[in-house]
Amino acid sequence: MRKKEQVELDWQRGWAPQVGPNLEKIRDYWNQYRDLPRIQKHITDEDNVGDVGCGISSVLHFFEWTASRRGFDPLVAEYQNLYEYPFPVETTRGEDIGPEYDGTFDAIFCSNCLDHVDDPKQVVATIARILKESGIFILTVEIDGAKNDPAHPHLFDRQRVVSIVTPHFEVLESWTAPWVGLQRYVQGDRSPVATELCMVLRKVEKE
């Protein structure tokens, strides 16, 4: 296991026991800092919803009302030893999601993940591939004040994010919010340490 993955796994080992007892606080975090009700307006109860880079505390916990939900993460096999997911998950990098999922999903989340991956452009291209025509992509990523360490090999500003997503998507909505950090929020610390960019995008079909 690379140092990057080991750092991720070590962090999730400490976080996993806090997830189940704090799902309502996690939902509150999504409502307050990522405007979950605003996002949910783009998703119907007939939709298949995915989460690329789902980690353990995936937003999919709050989409039990949709037709289906599935998470993808390269460390899922390890995470399943720490946490029992209430939805299907698959061990894979975002870059490597297989062709069996092409055109499968109506909506895909990628939440606080793009700065963790090896190849952000390829992850975004893969998300476009597995979305249906005019599918919805919900992206959140840290920008101003973001970390840069083995677990966060990429730094983003709004311009760089837009340059990566626009070959495949059009922007429906975009806003910024204080980035507090989910674990810190659950533990009662509300002081922001960065800014988070939130985007709702729609897949653009190539002619």
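The preceding data block contains the structure.
Residues numbered from 1 in each chain as written. Predicted model: local features only at pLDDT ≥ 70, side-chain atom pairs only at ≥ 80, totals over all residues. Heavy atoms only, no water.

K.L.:
For the packing of helix H5 (residues 120-130) against helix H6 (residues 158-165), give the residues involved together with the corresponding values.
P.N.:
Contact pair H5 / H6: the axes reach a minimum separation of 9 Å and the direction vectors enclose 45°. Between H5 and H6, the angle falls in the class oblique. In the crossing of H5 with H6, the sense of the turn from one axis to the other is right-handed. In this structure, H5 contributes Pro120, Lys121 and Val124 to the contact, and H6 contributes Arg160, Ile164 and Val165. (Axes fitted to C-alpha atoms, helices over the stretch in contact; angles between N-to-C directions. Helix = DSSP H or I, 4+ residues; strand = E, 2+ residues; numbered from the N terminus. Parallel < 35°, antiparallel > 145°, perpendicular 65-115°, else oblique. Left-handed = near helix turned anticlockwise from the far one by under 90°. Contact = heavy atoms within 4.5 Å.)

K.L.:
Can you explain the pattern of salt bridges? Please cite residues and give values.
P.N.:
Tallied over the full model, the rule gives 15 salt bridges. Measuring nitrogen to oxygen at the nearest pair gives 2.6 Å for the salt bridge that ties glutamate 173 to arginine 38. Residue glutamate 173 is located in strand E6 (residues 169-179), and its partner arginine 38 is located in helix H3 (residues 36-40); the two are separated by 135 residues in the primary sequence. Given the relative accessible area of 26%, arginine 38 is considered partly exposed. Note that arginine 184 is salt-bridged to aspartate 189, the shortest N-O span being 3.0 Å. On the accessibility criterion, aspartate 189 (32% relative accessible area) is partly exposed. Linked by salt bridges that have partners in common, Arg2, Glu5, Arg93, Glu95, Asp96 and Asp118 make up one network. (Salt bridge = Lys/Arg side-chain N within 4 Å of Asp/Glu carboxyl O. Buried < 20%, exposed > 50% of the residue type's maximum accessible area, 1.4 Å probe, protein only.)

K.L.:
Describe in detail unusual backbone geometry, supporting the description with residues and values.
P.N.:
One non-glycine residue, aspartate 35, lies in positive phi territory at about 55°. The topology assignment puts aspartate 35 in the loop between helix H2 (23-33) and H3. The class for aspartate 35 is partly exposed, based on a relative accessible area of 26%. One non-glycine residue with positive phi stands out, namely asparagine 112, at about 50°.

K.L.:
Give a detailed account of H5, specifying residues and quantitative values.
P.N.:
Buried within H5 are the following residues: Pro120, Val123, Val124, Thr126, Ile127, Ala128 and Ile130. Where H5 is buried, its residues contact strand E1 (48-52), strand E4 (105-111), strand E5 (131-142), H6, E6 and strand E7 (194-203).

K.L.:
Which residues make up the pairing of E4, and what are the values?
P.N.:
Among the 7 residues of E4, 7 are classified as buried, and the element is accordingly described as predominantly covered. The pairing of E1 with E4 spans 3 bridges and is classified as parallel. The partner of aspartate 51 across the bridge, within E4, is phenylalanine 109. Where E4 meets E5, 6 bridges bridge the pair, whose relative direction is parallel. Note that in E5 the partner of serine 111 across the bridge is threonine 140. Between the parallel pair E4 and E5, the chain is carried across by H5, and the sense of this crossover is right-handed. (Pairing = 2+ DSSP bridges. Right-handed = clockwise from strand over helix to strand, strands pointing away.)

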